[in-house]
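# Architecture and fold: a report
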Amino acid sequence: MPVPSHLDPRLLRGFVAVAEELHFTRAAHRLYVAQQALSRDVRRLERELGAELFVRSTRQVTLTADGARLLPYARRVLQAQDDLLAAFGPARPLLVDLNSPGLATGRRVLHRARALVPELELMARYESGLTWAAAELLAGRLDVSFGRFAGLAPALRAGLEQQPVRYEAMAVLLPVDHPLAPLAQVPVAALAGETVYAGAGNDRTPEWTDLARRLFEGRGIALAPPAPLAVGEEEFERLMAKTRHPVLAVTGFPAMPATVVRPLVDPVPLSPVSLVWRKGLVHPGLRALRRAARALAAAEGWLRRPAEGWIPDSDAEVMTV
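Right, let's walk through the structure included here.

What counts, and at which threshold
- Residues numbered from 1 in each chain as written.
- Predicted model: local features only at pLDDT ≥ 70, side-chain atom pairs only at ≥ 80, totals over all residues.
- Heavy atoms only, no water.
- Core = buried A, V, L, I, M, F, W, Y, C linked by side-chain atoms within 4.5 Å.
- Buried < 20%, exposed > 50% of the residue type's maximum accessible area, 1.4 Å probe, protein only.
- Helix = DSSP H or I, 4+ residues; strand = E, 2+ residues; numbered from the N terminus.
- Contact = heavy atoms within 4.5 Å.
- Polar contact = N/O pair within 3.5 Å; in protein donor to acceptor, adjacent residues only side chain to side chain.
- Axes fitted to C-alpha atoms, helices over the stretch in contact; angles between N-to-C directions.
- Parallel < 35°, antiparallel > 145°, perpendicular 65-115°, else oblique.
- Left-handed = near helix turned anticlockwise from the far one by under 90°.
- Nonpolar A, V, L, I, M, F, W, Y, C, P; charged D, E, K, R; others polar.
- 1 Å grid on protein atoms, 1.4 Å probe; cavity = no way out; pocket = protein on both sides within 12 Å on 5 of 7 lines; lining within 4 Å.
- Points joined across faces, edges and corners; volume = space filled by probe spheres on them.
- Phe/Tyr/Trp six-rings, centres within 6.5 Å; stacked < 30°, edge-to-face > 60°.

### Things to note about the nonpolar core
In this structure, Val-186, Trp-208, Phe-216, Leu-248 and Leu-264 are the most contacted members of the largest nonpolar core, which totals 30 residues. For this core, the secondary-structure elements that each account for two or more residues are strand 6 (160–175), helix 8 (206–216), strand 10 (247–250) and strand 11 (259–265). When residues no more than four places from it in sequence are discounted, the contact partners of Phe-216 are Val-196, Ile-221, Ala-222, Leu-223 and Leu-248.

So, in structure tokens, the structure goes:
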């Protein structure tokens, strides 16, 4: 592959987007450019390098051997450019996924980070689950998220980094007239015979469903079958009233009308929360989030695992990093 004396970083950015999406239309949407302009840029890069980078057909786009060889170099060049701009130019807004407006951990870390760097713009997003957010992180459409890192597929984890933040005690959301609702704490064994909803079928949160499945295994607790995703509090309340299934949650989950939140005990199931970002990301806002997470964990014992706590071994390994 001949090496030209100069390469426009824009051409490399277009090449990387197509190489990661393996689809010109999706790559063009990701870069906010017209597909025809992106195709022209890729052709120009191929001419300048004297190599074919993609095999194109009506059904698919694949990397050639030269394309696969170029990809790691192109990523390093673009990362170096991003690092330079971050060091000497005004920092762009950092997009921080908090999963859901009702969850407190990510929101508290974000608020603390904003206080540390008031001159920066840290923008909240709500992508509902880490699996969905991870794909957005890798595509560059999000910068940071929170969630159960061990629950991600290895292919997703390979492109991400994480910092343990908190062990969140798990709870159950019950209709107010449920037989277990009068209890201040619900023993896990008391859920035997119940069908508990934990997001089965929601492609944004399979890491949560997997954690529930591990907790329920051997305890006589059934996982509620997939149901249409309830969007908004009103729909969630309606479906809960209709099915009357208890809902697996965390202790900080806000109670809704006609429901109560009860912590689970004997054992205390733990939901592991990590701060997760794309490998190689350099941004002062990320540094502030990491500082904020460490400070809150130290001040409030977020990473102290209770002796009676339950957590899968794979999660325990991740959380000791």
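More follows now that the structure is in view.
### Describing the side chain of Arg-166
Within the secondary structure, Arg-166 is located in strand 6. Polar contacts involving the side chain of Arg-166 include one to the side chain of Thr-105, which spans 2.9 Å. Ignoring any residue separated from it by four or fewer positions in sequence, one finds Arg-166 in contact with Thr-105, Ser-271, Pro-272, Val-273, Trp-302, Leu-303 and Met-319.

### Here we look at the packing of helix 5 (residues 104–116) against helix 10 (residues 284–300)
Where helix 5 contacts helix 10, the axes come no closer than 8 Å and their chain directions differ by 120 degrees. If you check the angle between helix 5 and helix 10, you find them oblique. The interaxial crossing formed by helix 5 with helix 10 has right-handed handedness. Seen from helix 5, the contacting residues are Arg-108, Val-109, Leu-110, Arg-112, Ala-113 and Leu-116; seen from helix 10, they are Ala-288, Leu-289, Arg-291, Ala-292, Ala-293, Ala-295, Leu-296 and Glu-300. When grouped by side-chain class, the residues that make up the contact of helix 5 with helix 10 number 10 nonpolar, no polar and 4 charged.

### Section: the layout of surface pockets
When its volume is computed, the second largest pocket comes out at roughly 1100 Å³. Along the wall of the second largest pocket there are 33 residues; nearest its centre are Arg-13, Gln-79, Asp-82, Gly-140 and Arg-278. With 9 residues, helix 4 (residues 65–88) is the single largest residue contributor to the lining of the second largest pocket. Looking at side-chain class alone, the lining of the second largest pocket contains 15 nonpolar, 6 polar and 12 charged residues.

### Examining unusual backbone geometry
Of note, the amide linkage connecting Asp-266 to Pro-267 takes the cis form, showing an omega dihedral of 0 degrees. Among the secondary structure elements, Pro-267 is positioned in the loop between strand 11 and strand 12 (268–278). Positive phi values are uncommon outside glycine, yet Ser-128 reaches one of about 80 degrees. Here Ser-128 lies in the loop between strand 4 (122–125) and helix 6 (130–138). A positive phi is found at Asp-266, a non-glycine position, where the angle reads about 55 degrees. Mapped onto the elements of the fold, Asp-266 is located in the loop between strand 11 and strand 12. Judged by its relative accessible area of 60%, Asp-266 is exposed.

### A closer look at the packing of helix 1 (residues 9–21) against helix 2 (residues 24–31)
Running from N to C, helix 1 and helix 2 cross one another at 130 degrees; their axes reach a closest spacing of 8 Å. Classed by the angle they form, the pair helix 1 and helix 2 counts as oblique. The handedness of the crossing between helix 1 and helix 2 is right-handed. In this structure, helix 1 contributes Arg-13, Gly-14, Ala-17, Val-18, Glu-20 and Glu-21 to the contact, and helix 2 contributes Phe-24, Arg-26, Ala-27, Arg-30 and Leu-31. When the residues that make up the contact of helix 1 with helix 2 are grouped by side-chain class, the tally is 5 nonpolar, 1 polar and 5 charged.

### Focus: the packing of aromatic side chains
One pass over the structure, following the stated rule, counts 2 aromatic pairs. Between the aromatic rings of Phe-15 and Phe-54, the centroid separation amounts to 5.5 Å while the plane-to-plane angle is 50 degrees, which identifies the pairing as tilted. Of this pair, Phe-15 sits in helix 1 while Phe-54 sits in strand 1 (residues 54–56), and the two are 39 residues apart along the sequence. Residue Phe-15 shares its accessibility class with Phe-54, and that shared class is buried. With a centroid separation of 6.1 Å and an interplanar angle of 70 degrees, the aromatic rings of Phe-24 and Phe-54 are classed as edge-to-face. Placement of Phe-24 in helix 2 and of Phe-54 in strand 1 is noted, with a sequence separation of 30 residues between them. The pair formed by Phe-24 and Phe-54 is uniform in burial state, with each residue classed as buried.

Note that every value here comes from positions in space, so none of it alone points to a role or purpose.
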